[in-house]
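These are the residues of each chain, in order.
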Amino acid sequence: MTPHCTPLTPAAPPQGLGPGAAAERLLRDGPNELRPPRGTPECLKFARQLAGGLQCLMWVAAAICLVAFGIQRGQGDLTSADDVGPGRLGPSRGWAGWMPGCQGGKGGWMVVTYPVQATVIREGDKFQIDANQLVVGDVVEIKGGDRVPADIRILSAQGCKVDNSSLTGESEPQTRSPECTHESPLETRNIAFFSTMCLEGTATGLVINTGDRTIIGRIASLASGVENEKTPIAIEIEHFVDIIAGLAIFFGGTFFVVAMVIGYPFLRAMVFFMAIVVAYVPEGLLATVTVCLSLTAKRLARKNCVVKNLEAVETLGSTSVICSDKTGTLTQNRMTVAHLWFDNQIHTADTTEDQSGQSFDQSSETWRALSRIVTLCNRAVFKPGQDNVPVAKREVIGDASETALLKFAEATVGNVAEQRSRYPKVFEVPFTSANKFQVSVHEAGERLLLVLKGAPERVLERCGSVMLKGQELPLDQQWREAFESAYAELGGRGERVLGFCQGYLEGPGEGLSAEQLPGEGLCFTGLVAMIDPPRASVPAAVRKCRTAGIRVIMVTGDHPITARAIAGSVGIISEGSETPEDLAARLPSVRPRRQARARVLTGAQLQEMEPAALVDALRTHPEMVFARTSPQQKLIIVESCQRLGAIVAVTGDGVNDSPALKKADIGVAMGIAGSDAAKNAADMILLDDNFASIVTGVEQGRLIFDNLKKSIAYTLTKNIPELTPYLVYITASVPLHLGPSRTPGPLPDAWAPPSPDAWAPRGRQALSPPRAAGAMQSFAGFVDYFVALAQEGWWPALVLGLRPRWEDTREQELQDSYGQQWVRLPYAAPIRALCPYRAASHPLYGPSVAPTHPLYGPYMDRTQSPYGPIQTPVWLLHIPYTVPICSCTGPYMA
Amino acid sequence: MENFRRFVWNPETKQFMGRTLINWVWISLYYLAFYVVMTGLFSLALYSLMRTLNPYEPDYQDQLKSPGVTLRPDVYGERGLQIYYNISDNKTWDGFVTTLQTFLTAYTPAAQLLNVNCTSDTYFIQDTFDGPNKTKLSCKFTSDMLQNCSGLTDPTFGFPEGNPCLIIKMNRIIKFYPGNGTAPRVDCTYVGDDSRPLEVDYYPVNGTFNLHYFPYYGKKAQPTYTNPLVAVKLLNITRNEEFKIVCRVIGTGIISDNVHDPYEGKVEFRLKIDN
């Protein structure tokens, strides 16, 4: 579908639409705006949090407990007050789950910078109207500094350049002109896109799409159509919940049957059943997960990664493929002079961000001449008032390559302004796409100095000599070959190469015209090659990813050659890797070129490929670069990677990246260069736009996954000490206070996760430490239980088998081992005011006594704790046990 | 299903339930050793606990500060202790009488043979082991001290007459000194807005627990100790009407107003005598 290439019929209507037609079309198509999709209301999100897997289990437990409480209460059994415990847990857990959810929900949707006003021609008159009133068929005018008010087909243009970077990722300004140059609307020159910026020149265009039907609108709807992927941790947790729920019900059922067989009333057995189900619910888990993730998110934020969606932290850790955008993420997003060729030698310029690199030999006369041309034949100027700003950071008025040259000159030679004032400009011919060069003439003493820069081959055409160490030599065949090879080499590195030459004119400068300028005989001084250089930290980061088993794939809208060059310099395509094209060039006979490690695919090639072929290509070539890709293709690439089973992270900044960001398991947007659309679609934002920060994120994410696994295992250990009392209660008839409430559980679990930094690197797997620790906690708990009871007068031998009498409501003079007689308290009844087991069996008992202390501490009075205070020395009893427990859980903690 | 079968027995890796045979042996040995060690530790802990316990008195009595009070006959109905009977139907009160007689067998002179006669009205404090086999002496309490309610003169404890004898007992607590020098006494009243006085005869006189039965030194020190008793003979009870009666033990250090603990320092029961 290439409507933009068909000739316009009728040919350009210069007078535009009539107001009637415009109003009619406005009514038909709606205003020229992007419609945001409906978001999920906050209350619904909250409700969803409350209905999550684990929460559901809690709710059910809470409900059953409340019902049982009601029934028992009705029967006058005051002990049932304990059953309400889990009832409290449900809502609080829901809340805990929602809070982090809140963070993720912030922010609206895709916010595109709308053009507010548009200059439209209707019935031959120019109007300034609101951009949202534009309709298809309107003729609009745009000029430098405007935002394009709709998708327009260019009818006429004068040096019009637009910045498409937010849409296609191309960092260079794109020329717009009436001729159709490509079948793809994204590639062709005669379409300017809605919301892109017109940088310079003017153009008149016909509106061809408005509102949601514009290219950007389609991308936006593509993005909102893509569902967010479930994060691996979410899947893991769901799976985990299933298992836990199954186990809980199984054990609960078993105990229920046993209790019924022993002869407990149905309700009591039911409470047992619930108690076990609740005991099995790792209610601390959610909080543990949340807290672990928040802690890491906080840590990441300090390292310039802002995490929007907490679960993303963990996803980042399991990432196996990173699809990275090139511009701005891997590169510095500024053209910089990378190489120079003069004196028949390639010199390397300093491309580091802070100008800390090595510079080249600047003693040559040729360099002096070349630098003068670079300075003079340049229309870019620094914005005033930036004398104290480092050169690289100064703002410049001018296009990207001129800016690069200006900064280069300022940084290497210094004081461009002074140099320019020494050679006042008398005449210039600006760069056009037709002549592909730029000339300016300056006064140099009596003579006039002509300086010229442009496409190297066009520059060389005009030269008769070449400069070597300040000497003009005739331009012979040998020189031409040297030039050709240097040009080819620099061009092959993906660099934009410009040629520079100079010549002297006689006579006054006034009244010069372009025709008078000499067309040949100039002196060629050298080539300057520019590139958007990779960030200094990127190669190391890519290497780190590789050693960590993460594949880095470059997906860019830029040219394949540039993409390839940057990929090579940052290590995405490693040294010595060959693409099938390289192989073909080297060994024409080798036919299936599958052994090529690297491969560069362009959007056009992708278009022709079957999805399976893409998957296959991704599988065969470990080093992939995608160039000239459209947003849809980015999406396809991400999907193909996911089809290979990879967890894909996608980085991007432009609007064009947002569908892929959303589709990705984790989308990473750029904080500085990133468009709002990208930031909204992403799960994480890199504040410094630096690829290396992702690696930090991956590191932290991996740590968190380990930590979470440990935390989960650790949280689970509490199940064993919580279940053993039931076992002992039934088998050994030991009086124990059994109820579904275990109030002191969750908080210590959640707030005492050992610092992830302290947690060990992966590798060693201890032999079932959680279960072992759980068993130890049970033993420790029972030691405490027996000790506390013995010290109050109930010796272990007496306690065994005591349960029936202990629980007998008619027994008011139960004798302890010392002959003392005890009444039975209906309140906190079975334990007769003693409940040390529960305090002691807490999983974190050893490592953190403090959190449970308020409930069981000796200074608490019975009115606040139904279990009554426990004598202080009981608290010391567990100490021998903390050694094995800690040494057992130690591998998990230290 | 296929997956599950593979899990149970994986022929490729020779894994049974996810582990190879040798793996299972190792893990079983590990757990065996683990639990042997844990059990050992546990036994050691309990052994050292028993070694360190004082055989005469518990380390802590913080949970047992004030004695519970119990009633004989102790017949529980749906709403606690209930003494419901019909004078004319001796089957309804035979059980009560038997309970009391059985209870008082521990207070026959034969049963109290090893105990000494005490006459002092002060605490019987013994710092040394004066009794045989390193024990302390206990004071005699024989059922005849309950006079009309001893079951000796009236073997039916007044039930057929409608003036039943009930026996109040205070639970024993080691080294508990009730009353702060004054003998604690039993006081029975109607519960609720029923302000008319309850007519009662107390035995022994005034319904006191003589101080020489206190303190209690524990089962090991005083193997023959018996709790002192107070008998309450209810008089002039209106027939065919249910009453709620509470008997408190009054004395310093005896708490009887703990809402959580209805048997602490007092005993409540329902009474209904039909004819």
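Cut-offs and rules
- Residues numbered from 1 in each chain as written.
- Chains lettered and ligands numbered in written order.
- Predicted model: local features only at pLDDT ≥ 70, side-chain atom pairs only at ≥ 80, totals over all residues.
- Heavy atoms only, no water.
- Contact = heavy atoms within 4.5 Å.
- Salt bridge = Lys/Arg side-chain N within 4 Å of Asp/Glu carboxyl O.
- Polar contact = N/O pair within 3.5 Å; in protein donor to acceptor, adjacent residues only side chain to side chain.
- Helix = DSSP H or I, 4+ residues; strand = E, 2+ residues; numbered from the N terminus.
- Nonpolar A, V, L, I, M, F, W, Y, C, P; charged D, E, K, R; others polar.
- Expected span 1.5 Å × (residues − 1).
- Buried < 20%, exposed > 50% of the residue type's maximum accessible area, 1.4 Å probe, protein only.
- Arc of directions from axis to C-beta.
- UniProt positions renumbered as here; feature names shortened; annotations may be inferred.

Asks: Account for the interface of chain B and chain A, naming residues and giving values.
Replies: It is common to give the size of an interface as the accessible area lost on bringing the parts into contact. Taken together, the contact between chain B and chain A spans 45 residues of the former and 40 residues of the latter. The tally of links between chain B and chain A comes to 2 salt bridges. For Glu813(A), the salt bridge identified is with Arg72(B), shortest N-O distance 2.0 Å. At the boundary of chain B with chain A, the tally comes to 14 residue pairs in polar contact (both at pLDDT 80 or more). Those elements that place two or more of their residues in the side of chain B that touches chain A are helix 2 (21–52), strand 4 (69–72), strand 5 (76–77) and strand 7 (165–170) of chain B. With 13 residues, the single largest contributor to the side of chain B that touches chain A is helix 2 of chain B. Looking at the side of chain B that touches chain A residue by residue, the classes come out as 25 nonpolar, 12 polar and 8 charged.

Asks: So what about helix 11 (residues 365–376) of chain A? Which residues, and what values?
Replies: Residue and element names in this part refer to chain A. In this model helix 11 runs 17 Å from its N-terminal to its C-terminal C-alpha over 12 residues, within 8% of the 16 Å that 1.5 Å per residue would give. Counting buried positions along helix 11 gives 10 out of 12 residues, so the element sits mostly inside the fold. By the burial criterion, the buried members of helix 11 are Thr-366, Trp-367, Ala-369, Leu-370, Ser-371, Arg-372, Ile-373, Val-374, Thr-375 and Leu-376. At the N-terminal end of helix 11, a side-chain oxygen is found 3.0 Å from the backbone nitrogen of Thr-366, two or three residues along, and the residue is Ser-364.

Asks: Tell me what's going on with the environment of Ala617(A), and back it up with residues and numbers.
Replies: Residue and element names in this part refer to chain A. You can see Ala-617 is positioned in helix 20 (residues 611–620). Ala-617 gets classed as buried once you look at its relative accessible area, which sits at 2%. In this structure, Ala-617 is in contact with Arg-599, Met-609 and Met-624, ignoring residues within four places of it in sequence.

Asks: Outline helix 16 (residues 538–547) of chain A, supporting the account with residue identities and numerical values.
Replies: All names here are of chain A. Within helix 16, burial applies to Val-538, Ala-541, Val-542 and Cys-545. Taken end-on, helix 16 shows its buried residues confined to a sector of 100°, consistent with a single buried face. Helix 16 presents Arg-543 and Thr-547 as exposed residues on the side facing more than 90 degrees away from its buried surface. Remark: Gly-549 follows helix 16 within two positions and exhibits a positive phi of approximately 80°.

Asks: Tell me about the UniProt feature "transmembrane region" (unreviewed entry) in chain B, and please be specific about residues and values.
Replies: Mapped onto the present numbering, the UniProt feature "transmembrane region" (unreviewed entry) falls on residues 21–47 of chain B. Counted over residues 21–47 of chain B, helix gives 100% and strand 0%. Its end C-alpha atoms are 38 Å apart.

Asks: Explain the side chain of Asp532(A) to me, and be specific about the residues and the numbers.
Replies: Structurally, the position occupied by Asp532(A) is in the loop between strand 20 (522–531) and helix 16. Reaching out from Asp532(A), the side chain makes a polar contact with the side chain of Thr331(A) at a distance of 2.7 Å.

Asks: Please set out the pattern of salt bridges residue by residue, giving values where relevant.
Replies: Considering all chains together, one arrives at 21 salt bridges over all chains under this definition. Between Glu268(B) and Lys244(B) there is a salt bridge, with the nearest N and O atoms lying 3.6 Å from each other. Of the two residues, Glu268(B) sits in strand 12 (residues 266–274) while Lys244(B) sits in strand 11 (residues 242–250), which places them 24 residues apart along the sequence. Overall, Lys244(B) belongs to the partly exposed group, its relative accessible area being 31%. Connected through salt bridges with shared partners, the residues Glu813(A), Arg72(B), Asp74(B) and Lys169(B) form a single ionic network.

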